[in-house]
Amino acid sequence: MMKFTGKGVYGAIAIGKIAVFERQGMRVKRVPISDPAAEIERLEAAKAVALTQLGEIYEKALKEVGEANAQIFEIHSMMVEDEDYNDAIAEMIRSQSINAEYAVAMTGENFAEMFASMDDSYMQARAADVKDISNRIIACLANEQGTGELSDEKVILCADDLAPSETVSLDKDKILAFVTANGSANSHTAILARNMNIPAIIGLGEAFLGEVQNGVTAIADGFTGELIVDPDAETLTAYQKKQQEEIEKKLLLQKLNGKENITLDGTRINVFANIGSVDNIGAVLLNDAGGIGLFRSEFLYLEKTDYPTEEEQFRVYKKVLESMASKKVIIRTLDIGADKQADYFHLEKEENPALGLRAIRLCLKRPEIFRTQLRALYRASVYGNLGIMFPMVANEWELQEILALCEQVKEELTAENLPYADVELGIMIETPAAAIISDKLAPMVDFFSVGTNDLTQYTLACDRQNPQIEHFCDTHHEALLRLIEWSAKNAHANGAWIGICGELAADTTLTEAFLRMGIDELSVSPSFVLKVRDTIRKIDLRK
Ligand code: PEP
Ligand code: MG
């Protein structure tokens with residue numbers, strides 16, 4: 001058994017036999033010619049054939065991956081006719097009296113290098129496209145097809161790289177997964193694989209190609225980016241189980257896609273997802289969540305060695321908002337301290353860190369850090385439907401200070417002519433104090449979101465990090481449920497809405513109880529979204 005790790009670009013699992021992709025001979029020789037005009041004519045004829053082929057590939061892609069993704073082949077056609085590209089080839093044929101194949105290959109290499117050296121990752125990915133069209137023209141000059149043939153059995157296709165046109169030209173019904181040594185997540189090959197719903201792993205490194213052989217069994221895990229060659233029996237069984245679970249999840253998705261989260265008696269509730277990074281958005285969309293109910297922004301700070309700047313944060317928040325279009329995105333402000341530490345904050349060692357300088361307490365003590373984050377959030381607010389939520393609030397005065405700071409930030413932005421949108425403001429209910437005085441806090445905010453992980457810890461005096469006391473940490477404890485119910489009652493009495501974003505939100509044995517309390521939103525890990533939605537649709541509150 002051997003394991004290789006790359007980057008999964010489409011989350012699904014494939015188990016099957018390996019086929020190594022064979023490209024037909026594309027080795028190009030430099031051949032002197034005596035009649036450059038005739039050579040350019042030969043080139044023009046080959047380009048015409050290439051354009052016809054690209055038209056056919058476009059039609060195939062249109063059917064298989066939709067118009068937006070098929071467009072790349074229109075762009076390929078435009079590249080074939082690009083003036084700079086063609087001038088460079090013709091000039092090489094004329095000035096060096098060389099064959100068209102060689103001139104196309106060299107020009108393709110030069111253009112690809114130019115794209116690859118650009119800063120923009122989108123432009124870098126275009127290097128593969130220019131190589132692709134150059135290979136196509138060369139194949140047309142030699143009257144070759146350019147893509148490999150596959151056997152009848154479905155296979156995990158392993159290649160050094162796959163050009164977009166190769167990806168689309170392959171018979172989708174014969175491919176279990178694409179696995180490549182090179183490639184980028186932004187390349188059209190990756191995008192096409194995603195749209196063809198075929199598991200794909202890229203960037204495994206050249207070494208892996210030396211280790212794979214036709215006909216050997218392998219597992220391609222598009223979630224983790226792992227390729228397991230010749231798995232042992234135990235691994236194979238574990239993956240077969242995982243694959244089956246994924247199939248069941250997909251069926252559930254088909255059943256629920258686009259459907260409302262409504263109980264049999266007509267009660268509606270939002271089901272959102274929790275994320276810790278932009279990279280999780282794919283999973284949010286894949287599981288058809290109605291929005292993001294908790295973006296733990298502290299991970300942005302934890303993965304760095306210094307404070308993320310306003311600009312860096314702005315870009316991340318903007319991306320999340322844009323990716324979710326008009327769906328609600330609730331970003332929680334920095335919740336650092338306790339178990340989440342970053343050296344550059346230089347926080348003093350505390351006897352009881354969970355009861356110490358964490359989350360909003362730290363933000364209020366170090367307002368310069370807080371203000372930077374609030375500025376980034378408000379600036380990003382124009383790109384979607386933003387809610388901001390504050391963790392670990394326990395006092396009314398804390399909330400007053402938070403709201404005053406938000407006002408200050410908005411005034412600053414107005415003075416700087418920087419736009420911002422209406423933003424819903426909310427607090428997490430994760431201290432018993434906040435739950436108990438929720439009647440006082442609710443009139444000051446648009447929403448509450450119950451952080452049951454911390455609310456459990458603080459209500460039951462159970463350290464959430466200590467496995468020894470797990471048994472005492474009863475997440476169904478009546479005290480906890482009463483605090484949630486009380487908070488819901490006070491939220492609604494004051495025109496605010498209430499959600500739950502702690503792990504308990506995904507406990508489907510409590511979904512009905514939460515609905516009866518009038519909870520308006522449940523925010524859970526992306527992988528739990530469908531299960532919770534399915535549960536909701538089976539509940540009847542009239543019973
Ligand atoms: C919670 O406490 O329930 C919560 C959602 O926040 P975190 O788990 O990040 O502390
Ligand atoms: Mg918490």
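Predicted model, so just to flag it, every value in this text is computed and none were measured.

A. Spatial organisation of the overall build of the protein chain. A count of helical and extended segments in the protein chain gives 21 helices and 16 strands. Counting only C-alpha atoms and orienting by the principal axes, one finds that the protein chain spans roughly 90 × 60 × 45 Å. Expressed as a percentage of its 543 residues, the buried residues of the protein chain come to 51%. Pairs at least 24 apart in sequence give 69% of the contacts found in the protein chain among residues at least 6 apart. Within the structure as shown, the protein chain displays about 25100 Å² of accessible surface, and the carbon and sulfur contribution to it stands at 49%.

B. Here's a closer look at the domain arrangement of the protein chain. The domain boundaries assigned to the protein chain delineate domain 1 (2–23 + 148–235), domain 2 (36–141) and domain 3 (270–536). Taken over C-alpha atoms, the centre of domain 1 sits 25 Å from the centre of domain 2. Taken together, the contact between domain 1 and domain 2 spans 15 residues of the former and 16 residues of the latter. Summing the contributions of domain 1 and of domain 2, the shared interface buries around 1300 Å²; its carbon and sulfur component is 59%. Where domain 1 packs against domain 2, one counts zero salt bridges.

C. Structural detail: the site of ligand 1. Neighbouring residues of ligand 1: 14 residues in total, closest Arg296, Arg332, Gly451, Asn453 and Arg464. Arg296 places a side-chain nitrogen or oxygen 2.7 Å from an oxygen atom of ligand 1. Residue Asn453 places a main-chain N or O atom 2.7 Å away from an oxygen atom belonging to ligand 1. When the free accessible area of ligand 1 is taken as 290 Å², the share hidden by the protein chains comes to 99%. For the shell around ligand 1, the secondary-structure elements that each account for two or more residues are β10 (291–296) and α18 (452–459). A total of three residues in the shell around ligand 1 trace back to one element, the largest contributor, which is α18.

D. Representation of the coordination of the magnesium ion (ligand 2) within the structure. Only Glu430 (OE) and Asp454 (OD) from the protein reach the magnesium ion (ligand 2) as donors, at distances of 2.0 to 2.2 Å. On the criterion of sequence distance, the pair formed by Glu430 in the loop between β13 (424–429) and α16 (432–436) and Asp454 in helix α18 is long-range, its members being 24 residues apart. The pair Glu430 / Asp454 is uniform in exposure class, with both members buried.

E. Quick look at the sheet that holds strand β15 (residues 497–500). A barrel is described by the order of its strands in space; here eight strands give the closed sequence β9-β10-β11-β12-β13-β14-β15-β16, paired in parallel fashion. Recorded for the sheet is a direction-independent mean angle of 25° between the axes of neighbouring strands. The pairing of β15 with strand β16 (residues 521–524) spans two bridges and is parallel. In the sheet register, Gly499 faces β16, and the bridge partner there is Glu521. On the sheet, helix α19 (residues 478–493) packs against β13, β14 (447–450) and β15 and is oriented at approximately 150° with respect to β15.

F. Quick peek at the pairing of β15. Burial along β15 is two-sided: the residues Trp497 and Gly499 and Ile498 and Ile500 are all buried. Two strands pair when backbone bridges link them, and β14 and β15 are joined in this way by four bridges, in the parallel orientation. Bridging across to β15, Phe448 finds its partner in Ile498. Handedness of the β15-helix α20 (residues 511–517)-β16 crossover: right-handed.

G. Here's a closer look at the nonpolar core. In terms of nonpolar packing, the biggest core is built from 86 residues, with Phe390, Ile484, Phe514 and Ile519 touching the most fellow members. Setting aside residues no more than four positions away along its own chain, Ile519 makes contact with Ile269, Ile484, Ala488, Ile498, Gly499, Ile500 and Phe514. Judged by nonpolar contacts, the second largest core, of 54 residues, contains Leu54, Ile89, Ile98 and Ile198.

H. Spotlight on helix α14 (residues 367–380). Here α14 is 14 residues long and its end C-alpha atoms lie 20 Å apart, about the 20 Å a rise of 1.5 Å per residue gives. Counting buried positions over the 14 residues of α14 gives 10, a clear majority of the element. Among all positions in α14, only Ile369, Phe370, Gln373, Leu374, Arg375, Ala376, Leu377, Tyr378, Arg379 and Ala380 are buried.

I. Here's a closer look at unusual backbone geometry. Look at Ala325: it is not a glycine, yet its phi comes out positive at around 50°. Relative to the helices and strands, Ala325 is located in the loop between α12 (310–323) and β11 (328–332). A positive phi angle is found at Ala461, which is not glycine, with a value near 55°. Among the secondary structure elements, Ala461 is positioned in the loop between α18 and α19. When its relative accessible area of 68% is taken as the criterion, Ala461 is described as exposed.

J. Inspection of the environment of Gly282 at higher detail. Its location among the elements puts Gly282 in helix α10 (residues 281–286). Residue Gly282 is classed as partly exposed on the basis of its relative accessible area of 45%. Between the C-alpha atoms of Gly282 and Ala435, which are 153 residues apart in sequence, the distance is 34 Å.

K. Region of interest: the packing of aromatic side chains. Summed over all chains, the structure comprises 11 aromatic pairs. Consider the rings of Tyr301 and Phe345, whose centres lie 6.2 Å apart with planes at 45°: the pair is tilted. Residue Tyr301 is located in helix α11 (residues 298–302), and its partner Phe345 is located in the loop between β11 and α13 (359–365); the two are separated by 44 residues in the primary sequence. Taking relative accessible area as the criterion, Phe345 reaches 1% and is therefore assigned buried.

L. View of the state of the cysteines. What the rule picks out here adds up to zero disulfides. Just so you know, Cys501 is unpaired, no disulfide at all, and the nearest cysteine sulfur is the one on Cys363, 16 Å from it. Of the residues examined, Cys501 reaches a relative accessible area of 1% and is grouped as buried.

M. Representation of the sheet that holds strand β4 (residues 155–159) within the structure. Pairing in this open sheet of eight strands is mixed, and the strands run β1-β8-β7-β3-β4-β5-β6-β2 from one edge to the other. Of all strands in the sheet, those bounded by a partner on one side alone are β1 (2–5) and β2 (7–10). For this sheet, the mean inter-axis angle between neighbouring strands, taken without regard to orientation, is 30°. Running over the sheet, helix α9 (residues 233–256) touches β2, β3 (13–20), β7 (217–221) and β8 (226–229) and is turned about 120° from β3.

Cut-offs and rules
- Residues numbered from 1 in each chain as written.
- Chains lettered and ligands numbered in written order.
- Predicted model: local features only at pLDDT ≥ 70, side-chain atom pairs only at ≥ 80, totals over all residues.
- Heavy atoms only, no water.
- Helix = DSSP H or I, 4+ residues; strand = E, 2+ residues; numbered from the N terminus.
- Buried < 20%, exposed > 50% of the residue type's maximum accessible area, 1.4 Å probe, protein only.
- Contact = heavy atoms within 4.5 Å.
- Areas by Shrake-Rupley, 256 points an atom, 1.4 Å probe, with all protein chains shown as cover.
- Domains from an automatic or database assignment.
- Buried area = accessible area lost by both parts, 1.4 Å probe.
- Salt bridge = Lys/Arg side-chain N within 4 Å of Asp/Glu carboxyl O.
- Near = heavy atom within 4 Å.
- Polar contact = N/O pair within 3.5 Å; in protein donor to acceptor, adjacent residues only side chain to side chain.
- Donors = N, O, S within 2.8 Å, 3.2 Å for Na, K, Ca; no water.
- Pairing = 2+ DSSP bridges.
- Axes fitted to C-alpha atoms, helices over the stretch in contact; angles between N-to-C directions.
- Right-handed = clockwise from strand over helix to strand, strands pointing away.
- Core = buried A, V, L, I, M, F, W, Y, C linked by side-chain atoms within 4.5 Å.
- Expected span 1.5 Å × (residues − 1).
- Phe/Tyr/Trp six-rings, centres within 6.5 Å; stacked < 30°, edge-to-face > 60°.
- Disulfide = S-S within 2.5 Å.

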